[in-house]
Every structure is written in structure tokens, then in C-alpha cells.
Amino acid sequence: MSELPAVSVPPEVSAPPELSLQQALNLALRHACEDDDRVLVFGQDVGTLGGVFRVTDGLQDKFGEHRVFDTPLAESAIMGMAVGLAMHGWRPVPEIQFDGFSYPAIDQIVNQVARMHYRSRGVLNMPITLRLPSFGGIRAPEHHGESLEALFAHVPGLKVVSPAGASEGYHLLRQAIADPDPVIFLEPKSRYWHRESFDPTAEVAMPPAGTSRIARPGRHATLIAWGAMVARCLQVAELAAEDGVELEVLDLRWLKPIDADGLAASVARTRRAVVVHEAPLTAGLGAEVAALVTERCFADLRAPVQRVTGFDVPYPAGALEDEYLPTPDRILAAVQTTLEYRRG
Amino acid sequence: MQERDPRSLRELHRLMLVARRLDEEAIALQRQGVLPGYAPAQGQEAAQVGSAAALDPARDFAFPGYRDLGAAVALGVDLVAYLATHLGIWHGGLYDPLASRLAPFNAVVGGPVTHAVGWAMGAKLDGTGGAAITYFGDGASSQGDVHEAMNFAGVYRLPVIFFCQNNGWAISVPTGRQVAGGSVAARAAGYGIEGHRVDGNDVVAVFEATRAALDRARDGGGPTVIEAMTYRMGPHSTSDDPGRYRALADERAWAARDPLTRAAAQLPADAVAAAEEHAAAVVREVAEGLRTLGAPPADELFSFVYREPTKALLEQQRAWKETLDV
């Protein structure tokens, strides 16, 4: 992946008003390492190279090889090592280079990381943040474009987060690292280079963990998304507005715990909901969202919750990626279905 | 023949005897229906006790599998709390792993081997001089995690001991069909780390090999693989029938090399008698403790999933309580 464009990290003192997600995550790691000398950043190529997406760029120079280090190419041992380090009182922030390569580490993540606090009756803490470049949209080769949120969200003991952009990325990563429990942090790689206005030096009161955010207010229906699909839903809302349809876009942010109250509040207002995600339809997180909305808003709903998702196929090669990912047209069609729904 | 310190042999024998008698009691309790299941350790006492007794509980840490009662005995772990796992009270046991220097015991063979590597790196970063030891078997040595762990430890030169109890059998599969090349210790060379085979039924030999590996680890000499050649005299678990896969003649031959008999033969009769008395007292106490150990309060089901529980989990707990009240 070395041909991917690298964006240099801005000087720390004079952060520009515009930052990419990749830069914001880098800054969050810097600040986390500065604030807590028990934070350790490790994984494949995170040191000298600064990560294949340069998210860890410059961290080893600043904090030394004992705080930021490269590991051999072995995902299971990366996570197993994180367990041992956490047991010793460190705060590990491992990276697994790509979503599809977290499968070799599933045993450690599910059987060990997620359960150690429980198995030890609360004695052993696992404040581990697994950074995982996730989702598709960059024409990457096989196993570099998966959406694993439902898999991780299903596991008791794990928390799952995905930022939509730079500002969210910075704050959510700080929050994830500060969290006393294991957090799977899914970074939407198609958004790494997208810049947005964001001043990380400004004092911002981040809402508590587990809260969602209204990315765009609207009144006719709620689009519910996370990660890269938030930007796509904002694009759809823009298109719909041209026809006088005001769509609310809800960025879920925390995929476990899910902000059921935030979801319900939005849908109770708009009375219609469309969930959009990249992962395959069947048993995807959209099903969980739809169930929560139905449980809480059944009387308010004017139509069944719609889902616009990837298909039940392996994540396709780059040439077919655009067919797989939810397109604005597919999302708009679902919006139309929900707006025109009539009870039989 | 090396010089043997009778005092340390006496102590090691005493610990082994506690493990042996407790193991026998656990099997009896399983037959009586008290323990739902148990993984007997008989025959492996020298490997477990000899290695764990060499640790410094002030700074070292052990990562067990599910057949390491002898290590728990040697580390002075609360044995009722340790056996609570087999009683079906709590996965991982009821003991405090930080205070006991023994990780919650693990059913995933190979899994904790990587944890020991992480712990050893933590110790190295802290400069505490602590070392980790991880227990696994010849079967677990086939797992990718064991290879990954040894490779990491070799690359980083970590203070960790990979302690393989080669008991000849991974349930029904013999070492010959489990370990290509036949030797786990020989693999160490491929990782650039020390590897030694030791007579796993000779408690002093195991103690000395572990002590040497610990000294090397503390001096920055990196990791060691110790392959203790031993034998599981009983079944893999109380559900297993070794008669289906191994010969009685082999079992008899290994019974003649029983680590307890070998240690006792080197001690005066009164020392052995005193050890028996001590072991019997411990067994009485532990058996009594197990019989009176109740299940934890049912709402502990929800208690330790997170440090900061999710709202959804708290709601499930509340709803569950409401159904109880009805």
C-alpha cells in the first residue's frame, strides 16, 4: 500500500484550521501519549514508516521505540501481547493494519481481550484500543475493505466506535483510549484524506461515551449511518433538499453501546428511518438499529425501517466496489419508499 | 549425579504431595457429582511444582492452562478459589490473579502464551526484573499462537519462559503425530532462543532448569523454552477414556517413573510421613471449602463484563431483576 498518498502531519504548535481524519487521529495519539506515559502504540509498520496510512507518523521519533514500536507480522500475537501488557498495567493501543486481517486475531479479541475483566472478576483491566483501518471505498485489494462492526458489536465485553471525520476522529479516539474497557476503533479509510475545519486546540466538551450526533437536522426522515456512510448520507440529504425533502442525518459514532435514546428521539420526530451501512445486509448492525427503533418508536413510525446496505457477497474487487457500496440513488429510493409507504 | 539440597527437595516433595492428594480428591469429588468435570494432573507434579516453585512471587507471573494445579499449589494460590472453576462456579477461578501471580486459568491452549510475552514486555519496559512463565502442552505447541509468541519473544529478547509439559498425549493424539520433529525444545533454535529438554518427572532438575532460565531472563539473556518430558498418568479429563488410545504397558512403565515415588525415595521416611499428614490436612480443608462454596449471587452474571457497564447491559440486568421479583 506504499503508493497511497501520504499527508505530512502539521506542526503541533500551530495546527491549521483544516485537518484530515488521518492528521486528527495522529494528533489524538500524540496527545494521548503525552497525557499518559502508560500508553503504548504498536503494530505492523507503525514505527519508522508511521503506518501504511501514516496515522502514527512521527510518533516513534517523539516518544521513542519503547512507547511506539513495530511488531512482527502476526495479528494474534499483537492482540495477545496487548492482553499481557494491560495485565501489567500498560494502556495498549495496537493497530491491525487492515480490517480483513483482524480475523487471525479473532480468538485473542473475542476469547481473551473481551473476557479477561469478566474472568478475573474485575481484577484485570483491559484498557485496550484496537485501531483498525476499516470499510471500503479505496479500490483496495482483497481483505482490505471489510466492515466488521456487527461481528465485534456482538461480543460481550467489547465496545465499538467509528468516527465519520476529523473532529469526531480526534475526540472519539481520545475517548476510546481513556476508556477503561476494550474498544475496537474502526477508522473509515476512505475518509483518511478528507479535510474538515477543526481546531484540536479548542476546548470542546465531548459528550459522554455511547452518544450519537445529529450531523444534519431534518424533519421528514432520519438517515442513520456511521463511518464513511455519514458523508454519503449528508450528500444524499443535500440532493433531497433540492426536492424539498429535509432529511436528518444521525451519525451513530458508538456502535456498541448504541445510543438507543438518541436514535429514538430523532425517529420520534421524523417518524421515518433509513439505516445505511457498508456491511452485508443479513445480520448486519442495521438489523439491530431497526429493532431498537421499532421497540422504541413503534407508535410513531409511519413506515417500516428501511435498510440500504452492502450485499451478502464477499467484499468485491475495486472494479465492482461502486456497485456494492450504498449509492445515493439506492439511498434515495429507500427514502422514497419510506415517504410513500401506505399501510395496507 | 548432582548434589541435592535435601531441604529444598523436602519442600518440593511436600508441595507435590499436596498437588497429588488434591488431584485424587478432585477426581473423587467428580465421581461423587460435586465437581462437574476435572482435568487430572497426576504424573505432572514435578514439572508443575518444580517450575512454579522457582518463581519469585514478588516480581514474576505465571500463565497457566487448565491442568496446572501443581503450579497453583507451589505459588500458594487459594486452592478452593482455584478449583472453583472445575466446580463450575466461575470461569477463570475465584482467586485474585494479581495477588496470586497466577493468571486466570485458560481453556484456550496457546492463547495465554502470547499474554506471557506481553506481560514480559511490560516488565522489561518497567525494569522490574520480573519474568513471565507460560504453561502449555505438546498439543498447544501446534497452535499458531505459540509460534507467534516465541517469535515475538525472540525478536524483543523478552524475559519469558515457555514451559512445555510434554506429557506424551494431546487427548488421544501422541506426540509423534502432534509435534513434527518430535521436539518442542528444538524449535527454540529457530527463534534464536535457548531451548532445553529436562526430565519432567525429576522435580529438582525442573527447579534448577527453571531457575537458570529465570536468571538468564533477569540478566537480559532473553527467553527460554523448557520442554519437560513427563506423562499424564490419568485421563485428559474425567470424561476421557485413555484405554481407547494408549497401551497399558506404557502406563505401567511410566507409573514406575512416578515423580512422587522418585522424590520420596531420596527423603527420610519421617519426612515423607509428615508430608502425607500435611497433604491430608490440606485436602480435608479444601474439600470442606469446596462443599460449602456456594454459587456467587446471580446478579454477578452482569457484574464484571465492563469496568463501565453499558446502558443496554444495565437495562438487561434491571429487566432480569424485575422478572425475578414477579
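For the structure itself, look to the data block above.
Residues numbered from 1 in each chain as written. Chains lettered and ligands numbered in written order. Predicted model: local features only at pLDDT ≥ 70, side-chain atom pairs only at ≥ 80, totals over all residues. Heavy atoms only, no water.

### Notes on the overall build of chain A
Within chain A one finds 12 helices and 14 strands. Its C-alpha atoms give chain A a radius of gyration of 20 Å, within 12% of the compact-globule value 20 Å for 344 residues. Dimensions of chain A, computed from C-alpha atoms along their principal axes, come out at roughly 65 × 45 × 40 Å. Here chain A, with 344 residues, has 61% of them falling under the buried criterion. Within chain A, contacts between residues at least 6 apart in sequence are counted, and of these 80% link residues at least 24 apart. With an accessible surface of roughly 12600 Å², chain A has 52% of that area assigned to carbon and sulfur atoms. Here chain A carries 31 positive and 44 negative side-chain charges, and the mean point of each set is 6 Å from the other. (Helix = DSSP H or I, 4+ residues; strand = E, 2+ residues; numbered from the N terminus. Rg over C-alpha atoms; globule rule 2.2 N^0.38 Å. Buried < 20%, exposed > 50% of the residue type's maximum accessible area, 1.4 Å probe, protein only. Contact = heavy atoms within 4.5 Å. Areas by Shrake-Rupley, 256 points an atom, 1.4 Å probe, with all protein chains shown as cover. Lys, Arg positive; Asp, Glu negative; His and termini not counted. Charge placed at Lys NZ, Arg CZ, Asp CG, Glu CD.)

### Examining the environment of A287(A)
Mapped onto the fold, A287(A) is located in helix α10 (residues 285-297). Along the backbone, A287(A) and R307(A) are 20 residues apart, and their C-alpha atoms lie at a distance of 8.1 Å.

### A short note on the interface of chain B and chain A
Counting from both sides, the interface comprises 43 residues of chain B and, opposite them, 47 residues of chain A. The junction of chain B with chain A conceals about 3700 Å² of combined surface from both sides, 61% of it contributed by carbon and sulfur atoms. Together, F152(B), Y306(B) and R307(B) form the three largest contributors to the area buried by chain B at its contact with chain A, with a combined 17%. The tally of links between chain B and chain A comes to four salt bridges. Residue R121(A) pairs with E300(B) through a salt bridge whose shortest N-O separation is 2.5 Å. Taken together, the links from chain B to chain A amount to 28 residue pairs in polar contact (both at pLDDT 80 or more). Secondary-structure elements contributing two or more residues to the side of chain B that touches chain A are β1 (61-63), α5 (97-100), α6 (111-126), α7 (144-156) and α12 (311-325) of chain B. (Buried area = accessible area lost by both parts, 1.4 Å probe. Salt bridge = Lys/Arg side-chain N within 4 Å of Asp/Glu carboxyl O. Polar contact = N/O pair within 3.5 Å; in protein donor to acceptor, adjacent residues only side chain to side chain.)

### Let's talk about the sheet that holds strand β14 (residues 306-310) of chain A
Residue and element names in this part refer to chain A. A sheet is described by the order of its strands in space; here five strands give the open sequence β9-β11-β10-β13-β14, paired in mixed fashion. Of all the strands in the sheet, the pair left with one neighbour each is β9 (213-216) and β14. Across the sheet, the mean angle separating the axes of adjacent strands is 25° when strand polarity is ignored. For strand β10 (residues 221-225) and strand β13 (residues 273-280), the ladder comprises three bridges, and the chain directions are parallel. For I224, the partnering residue across the bridge sits in β13 and is V275. (Pairing = 2+ DSSP bridges. Axes fitted to C-alpha atoms, helices over the stretch in contact; angles between N-to-C directions.)

### A few points about the environment of T210(B)
All names here are of chain B. Inspection of the secondary structure puts T210 in helix α8 (residues 203-218). Placed 163 residues apart in sequence, T210 and A47 show a C-alpha to C-alpha distance of 9.9 Å. Setting aside residues no more than four positions away along its own chain, T210 makes contact with G50, S51, A54, I133, I161, F163 and I226.

### A short note on the packing of helix α9 (residues 260-270) of chain A against α10(A)
Residue and element names in this part refer to chain A. As a packed pair, α9 and α10 sit with axes 9 Å apart at the nearest point and diverge in direction by 65°. For the crossing formed where α9 meets α10, the hand is right-handed. Between α9 and α10, the residues in contact are A260, D261, L263, A264, V267 and A268 and V289, L292, V293, R296 and C297, respectively. The class makeup of the residues in the contact of α9 with α10 is nine nonpolar, no polar and two charged. (Left-handed = near helix turned anticlockwise from the far one by under 90°. Nonpolar A, V, L, I, M, F, W, Y, C, P; charged D, E, K, R; others polar.)

### Things to note about the side chain of T134(B)
Here T134(B) shows up in strand β2 (residues 132-137). When near neighbours in sequence (up to four residues on either side) are disregarded, T134(B) contacts F63(B), P112(B), V113(B), A116(B), V160(B), I161(B), F162(B) and F163(B).

### Observations regarding the pattern of salt bridges
Oppositely charged side chains are able to pair whenever their charged atoms sit close together. All chains considered together, the criterion is met by 34 salt bridges over all chains. Its salt-bridge partner being D126(B), residue R38(A) comes within 3.0 Å of it at the nearest N-O pair. With one member in each of two chains, R38(A) in the loop between α1 (21-35) and β2 (39-43) and D126(B) in helix α6 form a pair that bridges those chains. Owing to a relative accessible area of 24%, R38(A) belongs among the partly exposed residues under this scheme. Judged by relative accessible area, D126(B) falls into the partly exposed class, the value being 32%. In this structure, E95(A) and R131(A) form a salt bridge, with 2.8 Å as the shortest nitrogen-oxygen distance. Taken together, the residues span a long stretch of sequence, with E95(A) in strand β4 (residues 91-95) and R131(A) in strand β5 (residues 129-134) at a distance of 36 residues. The same class applies to E95(A) as to R131(A), namely buried.

### Looking at the packing of aromatic side chains
Two numbers describe a pair of aromatic rings. These are the distance of the centres and the angle of the planes. All names here are of chain A. Under the defined criterion, the tally for this structure stands at 21 aromatic pairs over all chains. The interplanar angle of 40° and the centroid separation of 4.8 Å between the aromatic rings of F53 and Y192 together place this pair among those described as tilted. Linking F53 in the loop between β2 and α2 (59-63) with Y192 in the loop between β7 (183-188) and β8 (195-197), this pair joins segments that are 139 residues apart in sequence. Note on F53: relative accessible area 4%, which makes it buried. For Y192, a relative accessible area of 0% translates into the label buried. (Phe/Tyr/Trp six-rings, centres within 6.5 Å; stacked < 30°, edge-to-face > 60°.)

### Some thoughts on the sheet that holds strand β6 (residues 194-199) of chain B
Residue and element names in this part refer to chain B. Spatially, five strands are ordered β1-β2-β3-β7-β6 in an open sheet, and the strand pairing comes out parallel. Among the strands making up the open sheet, the edge pair consists of β1 and β6. When strand polarity is set aside, the average angle formed by the axes of neighbouring strands in this sheet is 20°. Here three bridges tie β1 to β2, and the two strands are oriented parallel to one another. Note on β2: the bridge partner recorded for A62 is I133. Strand contacts of α7: β2, β3 (160-166) and β7 (224-229), with the helix running at about 150° to β3, the strand carrying the most contacts.

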